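The primary structure of each chain is shown beneath.
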Amino acid sequence: MARVWIRGGRVLDPASGWDGPADVVLEDGRIAAVAPGLAPEGAEVFDASGCWVAPGLVDLHAHLREPGQEYKEDIASGGRAAVAGGFTTVACMANTDPVNDDPSVTDYILDRARQDSPARVRPIAAATKGLKGEVMTEMVALGQAGAVAFSDDGKTIMDSGVQRRVLEYSRLADKPVIVHAEDRTLVRDGVVNEGPVSTRLGLPGNPAAAEAVHVARDLLLAELTGAHLHVAHVSTAAAVGLLREARARGIHVTAEATPHHLTLTDEAALGFDTNTKMAPPLRSRADVRACREGLADGTIDAIATDHAPHAVHEKEVEFTAAPPGVIGFETALAVVLELVREGALTPLQLVAALTWNPARILRLPAGRLERGAPGDVVVVDPAARWLYDPAKGFSKSRNSPWAGRTLEGRALATFVAGRLVYHADRGVLAP
Ligand SMILES: [Zn+2]
């Protein structure tokens, strides 16, 4: 197999703490060497001068819509969009049709991914059958089939007794339980953050407490069971506070935030753009600040896209009727680079939140640039300015709040298993 020499970049490897000039050599699908001034013989040279060289990005929360909703996205299109955004591994949620609550569905997803996707795909299995919140799935069997976590994402397990059992059994499979923390009895028909914006828009509000109440319950259950709880898309200052306190008490909890919750407020919804409707909703300025602080101090470990494709006809309806969610693979990196430019995070902290931390949460051998690790690398041009047009992107869907915006920073090249699978000028190159 070809040998690749990624030369002259600024290498950012959070696992080792290295931030400085170095070359990276890929060979036989793996990282062969990382050091300044390498000169491997017979290697194909990739000039990374002026760029960051980081482990391929790991997204622990995405919706690829296959099987069942291929008109929104499929594993092939989602995988192409992922590598175009610099992601080399994506974990896909179980709310497909059929639901990934059975090893046969897990097998199907992995099989499609091997054939169709340039990105590695890691399925997340449902925690309860049919995402109904009633009967647990066969977690050990699902884990053996390749599921990396359990989640009823999109739905919340409201029955605390069921949630306790899910957490207990997840320990047997040694995988995290990922929770979409929204108390449905508090959310009711809320579609935007409850506050001045919901009042102005005359739309039903979803209170911050809907998230915090649920996070509080699940932290207590994680403490009771000793299980690994992972809180998805944290959006409120109240939840960040609860997580910080729980971590200080030694509860095994990790958390993620999305690019949109880290950079947009509920005011983005003032124009009734349904591409600003998500679950949980965009929150207040104080909530955004708290999420950023949580990311900076390690209360929030990871940045995850919650890439959630929906067709144009589904989003082009009135705000209350539109499905929640936005696509995110191709914009995530540029959007969160804003946190570095504003001084909220160091480049190494940002890269950690996109690579090493999510890889560790899912116990994956990814997210680091160590000799022998998978040859998954992204070359980032942090200064590239580009106009984002979802119609020209790789996702089948276009539901992005950043459509038509000029963004700064992008993946210049993405390598998976030592192979160039994406180049900004040449597009997706494989499979
Ligand atoms: Zn969710």
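Read on for an overview of the structure. Bear in mind that the values here come from a model prediction, so they are computed numbers and not experimental data.

**With respect to empty space enclosed by the protein**
For step 1, the next point in the chain: Following the criterion strictly, the structure yields five cavities of 30 Å³ or more and no others.
For step 2, the next point in the chain: Put simply, the largest cavity is a space of about 70 Å³.
For step 3, the next point in the chain: Lining the largest cavity are 14 residues, with Asp152, Ile157, Ile178, Val179 and His180 positioned closest to its centre.
For step 4, the next point in the chain: Where the lining of the largest cavity is concerned, the elements lending two or more residues are strand E10 (177–179) and helix H7 (208–225).

**Re the coordination of the zinc ion**
For step 1, the next point in the chain: The zinc ion binds to the protein through Asp153 (OD), His180 (ND1) and His233 (NE2); the donor distances cover 2.0 to 2.2 Å.
For step 2, the next point in the chain: For His233, a relative accessible area of 2% puts it in the buried group.

**Things to note about the sheet that holds strand E13 (residues 229–231)**
For step 1, the next point in the chain: Reading across the sheet, the five strands line up as E9-E10-E13-E14-E15 and stay open at both edges, with parallel pairing between neighbours. Unpaired on one side and paired on the other, strand E9 (150–151) and strand E15 (302–303) mark the two borders of the sheet.
For step 2, the next point in the chain: Pairing of E9 with E10 involves two bridges; the strand directions are parallel. Pairing of Phe150 across the sheet is with Val177, part of E10.
For step 3, the next point in the chain: Lying over the sheet, H7 contacts E10, E13 and strand E14 (253–257), oriented at roughly 165 degrees with respect to E13.

**Focus: the nonpolar core**
As a rule of thumb, nonpolar side chains are buried together in soluble globular proteins.
For step 1, the next point in the chain: One finds Val231 and Val234 to be the most contacted residues of the largest nonpolar core, which totals 74 residues.
For step 2, the next point in the chain: Broken down by element, this core gets its largest block of residues, six residues, from helix H12 (residues 332–341).
For step 3, the next point in the chain: With near-sequence residues (within four places) excluded, Val231 lies in contact with Val179, Ala181, Val215, Leu243, Val253, Thr254, Ala255 and Glu256.

**Looking at the sheet that holds strand E6 (residues 57–62)**
For step 1, the next point in the chain: Taken in spatial order, the three strands make up an open sheet running E6-E7-E8, and their pairing is parallel. Looking at the sheet topology across the chains shown, the edges are occupied by E6 and strand E8 (120–123). On average, adjacent strands in this sheet sit at an angle of 20 degrees to one another, irrespective of strand direction.
For step 2, the next point in the chain: Sheet contacts for helix H2 (residues 103–116): strand E7 (87–92) and E8; angle to E8, the most-contacted strand, approximately 175 degrees.

**Structural notes on the pairing of E7**
For step 1, the next point in the chain: Most of E7 sits inside the fold, with six of its six residues counted as buried.
For step 2, the next point in the chain: Handedness of the crossover joining E6 and E7 through helix H1 (residues 75–84) is recorded here as right-handed.
For step 3, the next point in the chain: Across four bridges, the pairing between E7 and E8 is parallel. Within E8, the position partnered with Thr89 by the bridge is Arg120.

What counts and how
- Residues numbered from 1 in each chain as written.
- Predicted model: local features only at pLDDT ≥ 70, side-chain atom pairs only at ≥ 80, totals over all residues.
- Heavy atoms only, no water.
- 1 Å grid on protein atoms, 1.4 Å probe; cavity = no way out; pocket = protein on both sides within 12 Å on 5 of 7 lines; lining within 4 Å.
- Points joined across faces, edges and corners; volume = space filled by probe spheres on them.
- Helix = DSSP H or I, 4+ residues; strand = E, 2+ residues; numbered from the N terminus.
- Donors = N, O, S within 2.8 Å, 3.2 Å for Na, K, Ca; no water.
- Buried < 20%, exposed > 50% of the residue type's maximum accessible area, 1.4 Å probe, protein only.
- Pairing = 2+ DSSP bridges.
- Contact = heavy atoms within 4.5 Å.
- Axes fitted to C-alpha atoms, helices over the stretch in contact; angles between N-to-C directions.
- Core = buried A, V, L, I, M, F, W, Y, C linked by side-chain atoms within 4.5 Å.
- Right-handed = clockwise from strand over helix to strand, strands pointing away.

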